[in-house]
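# Summary of the model geometry
Each chain is listed here by its residues.
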Amino acid sequence: MSSVGPTDTDVHGERRIEWLHEVCSALHDELSDLDDGLPASYIPELSRVDPDRFAIAAVGRDGRSQSVGDRSHHFTIQSISKLLLYGLALETHGRDAVLQRVGVAPTGDPFNAIELDEEHHRAPNPMVNSGAIAITDLVSGGNLDERTAVVLRLFERFLGRRPDVDRAVCASERVTGNRNRAIAYLLANGGIITDRVEETLDVYFMQCSVLVTVEDLALIGATIANAGVHPTTGEQIFSPQVTRDVMTVALTCGMYDYAGEWAYTVGIPAKSGVGGGIVGMIPGVGGLAAFSPRLDEHGHSVRGVKVFEALSDRFDLHLFDSDRPWAAPT
Ligand code: GLU
């Protein structure tokens with residue numbers, strides 16, 4: 001719990017925003033020397049990133065933003081795309097149809113575990129690869145181009161620009177993606193996804209290769225945290241019910257086999273990607289994001305986890321801090 005800093009009456013005010021900037025700058029300086037972990041190498045192209053890149057960003061529900069470090073550096077979104085695709089599936093097909101194929105149970109297993117929820121005959125949750133591939137199968141369209149366009153249009157609404165795709169990362173993932181291929185064929189064998197397996201995998205590899213900055217991630221987080229209303233365009237991208245569902249699975253499953261520890265120590269619904277990004281959603285307040293490519297054994301950015309631990313503590317952001325000033329009515 002924080003003991004210093006602006007008072008409760010300043011939670012949405014300028015002083016609090018300035019304080020956030022000061023804290024993020026100090027954290028950036030402090031953590032820049034931390035070089036534990038390694039960039040992901042199982043997708044060969046990802047190992048070519050500069051491992052020392054580091055950035056932190058925050059966007060409020062009112063659109064005010066703060067960022068420090070390599071704020072304009074682009075990296076691949078990877079699994080953070082699963083948040084958006086899950087929201088899209090819920091919006092398009094409704095909860096029941098989605099729940100028939102993908103549950104909401106945390107697995108406690110790594111992101112790429114080859115597993116199904118045998119009891120319910122579905123993928124365990126949308127944040128691990130098996131569930132995410134089942135969700136991508138639900139993207140509408142008659143062929144790869146149409147389905148790719150649907151996904152890119154979704155990103156465009158969040159980012160405010162047509163997204164670029166890192167073709168080299170996408171090709172690298174496609175060539176080396178036999179584990180995801182195995183998962184997808186297992187899903188198809190069980191009738192959980194359709195048999196357009198290679199096409200769905202191509203959409204999945206593409207969605208993971210969308211290029212974003214840390215500020216983009218914070219904006220995505222802020223939109224979801226703001227009941228689906230984009231803080232700058234004002235567009236209602238997801239319904240409040242859908243964002244509630246997305247944030248719930250992010251809290252319980254978003255950090256894979258580290259989700260329990262994360263909920264306990266950080267207490268912010270979040271999603272990480274092996275590109276080095278982490279996005280957090282603070283309901284009704286805004287989005288936080290960190291980017292640094294060196295990963296820990298769970299596949300999460302080492303510096304990114306430290307950033308979230310520190311910010312949660314300094315700003316009382318844990319969801320279950322009952323006396324957190326953010327929760328106070330304004
Ligand atoms: N594209 C990666 C994969 O499917 C995403 C994994 C992640 O970011 O956790 O292997």
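Before reading further, recall that the structure is shown in the block above.
Residues numbered from 1 in each chain as written. Predicted model: local features only at pLDDT ≥ 70, side-chain atom pairs only at ≥ 80, totals over all residues. Heavy atoms only, no water.

It is worth spelling out the nonpolar core at this point. Leu83, Leu187, Leu217 and Ile224 are the most contacted members of the largest nonpolar core, which has 66 residues in total. For this core, the leading source of residues is helix H9 (residues 214–225), giving eight residues. When sequence neighbours within four positions are dropped, the list of residues in contact with Leu83 reads Met127, Ile224, Val246, Ala250, Lys271, Val279 and Met281. Membership of the second largest hydrophobic core comes to 30 residues, among which are Leu20, Phe54, Trp262 and Val285. (Core = buried A, V, L, I, M, F, W, Y, C linked by side-chain atoms within 4.5 Å. Buried < 20%, exposed > 50% of the residue type's maximum accessible area, 1.4 Å probe, protein only. Helix = DSSP H or I, 4+ residues; strand = E, 2+ residues; numbered from the N terminus. Contact = heavy atoms within 4.5 Å.)

Take the packing of helix H6 (residues 167–175) against helix H8 (residues 197–208) next. Remark: H6 packs on H8, axes separated minimally by 9 Å, with the N-to-C direction vectors making an angle of 135°. Judged on the interaxial angle alone, H8 and H6 are oblique. In the crossing of H6 with H8, the sense of the turn from one axis to the other is right-handed. For the pair H6 and H8, the contacting residues are Cys170, Glu173 and Arg174 in the first and Asp202, Tyr204, Phe205, Met206 and Cys208 in the second. Of the residues belonging to the contact of H6 with H8, the class tally is five nonpolar, no polar and three charged. (Axes fitted to C-alpha atoms, helices over the stretch in contact; angles between N-to-C directions. Parallel < 35°, antiparallel > 145°, perpendicular 65-115°, else oblique. Left-handed = near helix turned anticlockwise from the far one by under 90°. Nonpolar A, V, L, I, M, F, W, Y, C, P; charged D, E, K, R; others polar.)

This part takes up the site of the ligand. In the vicinity of the ligand, the residues found are Tyr42, Gln78, Ser79, Phe111, Asn129, Glu173, Asn180, Tyr204, Cys208, Tyr256, Gly273 and Val274. The backbone of Val274 places a nitrogen or oxygen atom 2.8 Å from an oxygen atom of the ligand. Contact with the protein chains hides 99% of the accessible area of the ligand, taken as 300 Å² for the molecule alone. By residue class, the composition of the shell around the ligand is six nonpolar, five polar and one charged. (Near = heavy atom within 4 Å. Polar contact = N/O pair within 3.5 Å; in protein donor to acceptor, adjacent residues only side chain to side chain. Areas by Shrake-Rupley, 256 points an atom, 1.4 Å probe, with all protein chains shown as cover.)

Counting buried positions along helix H4 (residues 129–137) gives nine out of nine residues, so the element sits mostly inside the fold. Listed in full, the buried residues belonging to H4 are Asn129, Ser130, Gly131, Ala132, Ile133, Ala134, Ile135, Thr136 and Asp137. Buried positions along H4 lie against helix H2 (81–93), helix H3 (95–101), helix H5 (144–159), helix H7 (178–189) and H8.

Extensive coverage of strand S7 (residues 286–291) is indicated by the burial of six of its six residues. By the bridge criterion, six bridges tie strand S1 (residues 55–60) to S7 in an arrangement that is antiparallel. Each bridged residue has a counterpart across the sheet, and for Gly60 the counterpart in S7 is Gly286. Here strand S6 (residues 277–282) runs beside S7; their pairing, made up of six bridges, is antiparallel. Residue pairing in the sheet places Ile278 in a bridge with Ala290 of S7. In sequence, S6 turns back onto S7 through a hairpin of three residues, with Gly284 there showing a positive phi of about 75°. (Pairing = 2+ DSSP bridges.)

In spatial order, the strands read S2-S1-S7-S6-S5; together these five strands make up an open sheet with antiparallel pairing. Whereas interior strands pair on both sides, the edge strands pair on one side only; in this sheet they are strand S2 (65–69) and strand S5 (270–272). Going from strand to strand, the sheet's axes swing by 10° on average, the running direction of each strand aside. Helix-sheet contacts for helix H12 (residues 302–314) involve S1, S6 and S7, and the interaxial angle to S7 is about 145°.

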